[in-house]
Amino acid sequence: MKPLHTYLFVISLIGASALYAQEPTTTAETEQQVTATDTLPPGEKYGLRIGTDLNKLLLTAIQDEYTGFEINGDYRFYKDFYLAAEIGNEKLLREEENIVGEGSGSYVRIGVDYNAYDNWYGMQNSIYAGLRYGFASFSQRLDEYAVFTGTNYYGPTRITVPIEEKGLTAGWAELVLGLEVELFANIYLGANVSLRGMINETAPDQFDNLFIPGFGKTNDFSNFGVGYGYSISYLIPFYKKKN
């Protein structure tokens, strides 16, 4: 019986040794799998980003002649493309040497942005160019203006009877250049500049538009305007996608 006991003892030792040798390998493989899973880059977020124009809030706080507020947002529908829109309300009292008037009303701008910045995987900063169509519904009030006579000997005559026109509209196109930087998780700080070209507008019968909400100040010698803004926004992620 001794040979049988010896064989069983040897087999038991071999089995125990094999199990002992396999444990580190299994643990190491498990750690590698966990590490590989943890280090996989996350999918890029697709969702709705909503914010406000900080510049309009600041001007409203520090300037008596201006009041404005804007909500802006974009939705990423393809890898580098976003649907974008801004909606707001503005009022400006324009005081100049020969004329004092006010324009006020609401506007909307809608278009598409293209992100030209090549992010590292998982980052979502952007340097973008975009196109917009803008539309405004507003009113104009002429509070005071100067009338010059032929001789101008006595100086201009100032008319102080207010004239107001309501139900005016305007439409324009604009080119937008801007950037968005993610400060914290899903919180973005942005800046943009835009070049605007007037397409059509309805003007009062007795004077020209002085200020068009969403477009800016107007003048007699050009149909173009410029704008700028600073925004803070929050991204509401709907899903992630590996592009």
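Note that this is a predicted model, so its numbers are computed, not measured.

Novice: I'd like a description of the overall build of the chain, backed by residues and values.
Specialist: Helix and strand counts for the chain come out as two helices and 11 strands. The buried share of the chain, taken over its 243 residues, is 35%. Accessible area of the chain: about 15,200 Å², with a carbon and sulfur share of 63%.

Novice: Talk me through the pattern of salt bridges; I want residue IDs and the actual numbers.
Specialist: Scanning all chains against the criterion turns up 16 salt bridges. The shortest N-O distance in the salt bridge between Glu 70 and Lys 56 comes to 3.7 Å. Of this pair, Glu 70 sits in strand E2 (residues 66–78) while Lys 56 sits in helix H2 (residues 54–62); the two residues are 14 residues apart in sequence, bridging distant segments of the chain. Salt-bridge contacts for Arg 196 lead to Glu 174; the nearest nitrogen and oxygen are separated by 3.5 Å. Of this pair, Arg 196 sits in strand E8 (residues 187–201) while Glu 174 sits in strand E7 (residues 163–184), and the two are 22 residues apart along the sequence. Arg 196 gets classed as buried once you look at its relative accessible area, which sits at 9%.

Novice: Please provide a residue-by-residue account of the pairing of strand E11 (residues 224–241), values included.
Specialist: As defined by bridge partners, strand E1 (residues 44–53) adjoins E11 across 10 bridges and the pair is classed as antiparallel. Within E11, the position partnered with Ile 50 by the bridge is Tyr 234. When E8 meets E11, the two strands line up antiparallel, connected through 11 bridges. Bridge pairing in E11 links Ala 191 to Tyr 230.

Novice: How would you sum up the confidence of the model for the chain? Please name residues and give values.
Specialist: When pLDDT is averaged across the chain, the result is 83; 79% of the residues are at 70 or more. Counting contacts from residues 1–25, a segment whose pLDDT is below 50, to residues more than four positions away or on other chains yields zero contacts. Considering only residues more than four positions removed or in separate chains, one finds that residues 27–41, a stretch of pLDDT under 50, has two contacts.

Novice: Which residues make up H2, and what values do they have?
Specialist: Residues spaced three or four apart along an α-helix face the same direction, because each turn holds 3.6 residues. Listed as buried for H2 are Asn 55, Lys 56 and Leu 59. The buried residues of H2 occupy an angular sector of 95° when the element is viewed end-on, so they sit on one face. You can read the cap of H2 off the contacts: a side-chain oxygen lies 2.8 Å from the backbone nitrogen of Asn 55, and it is on Asp 53.

Rules used in this analysis
- Residues numbered from 1 in each chain as written.
- Predicted model: local features only at pLDDT ≥ 70, side-chain atom pairs only at ≥ 80, totals over all residues.
- Heavy atoms only, no water.
- Helix = DSSP H or I, 4+ residues; strand = E, 2+ residues; numbered from the N terminus.
- Buried < 20%, exposed > 50% of the residue type's maximum accessible area, 1.4 Å probe, protein only.
- Areas by Shrake-Rupley, 256 points an atom, 1.4 Å probe, with all protein chains shown as cover.
- Salt bridge = Lys/Arg side-chain N within 4 Å of Asp/Glu carboxyl O.
- Pairing = 2+ DSSP bridges.
- pLDDT = per-residue confidence, 0-100.
- Contact = heavy atoms within 4.5 Å.
- Arc of directions from axis to C-beta.
- Polar contact = N/O pair within 3.5 Å; in protein donor to acceptor, adjacent residues only side chain to side chain.

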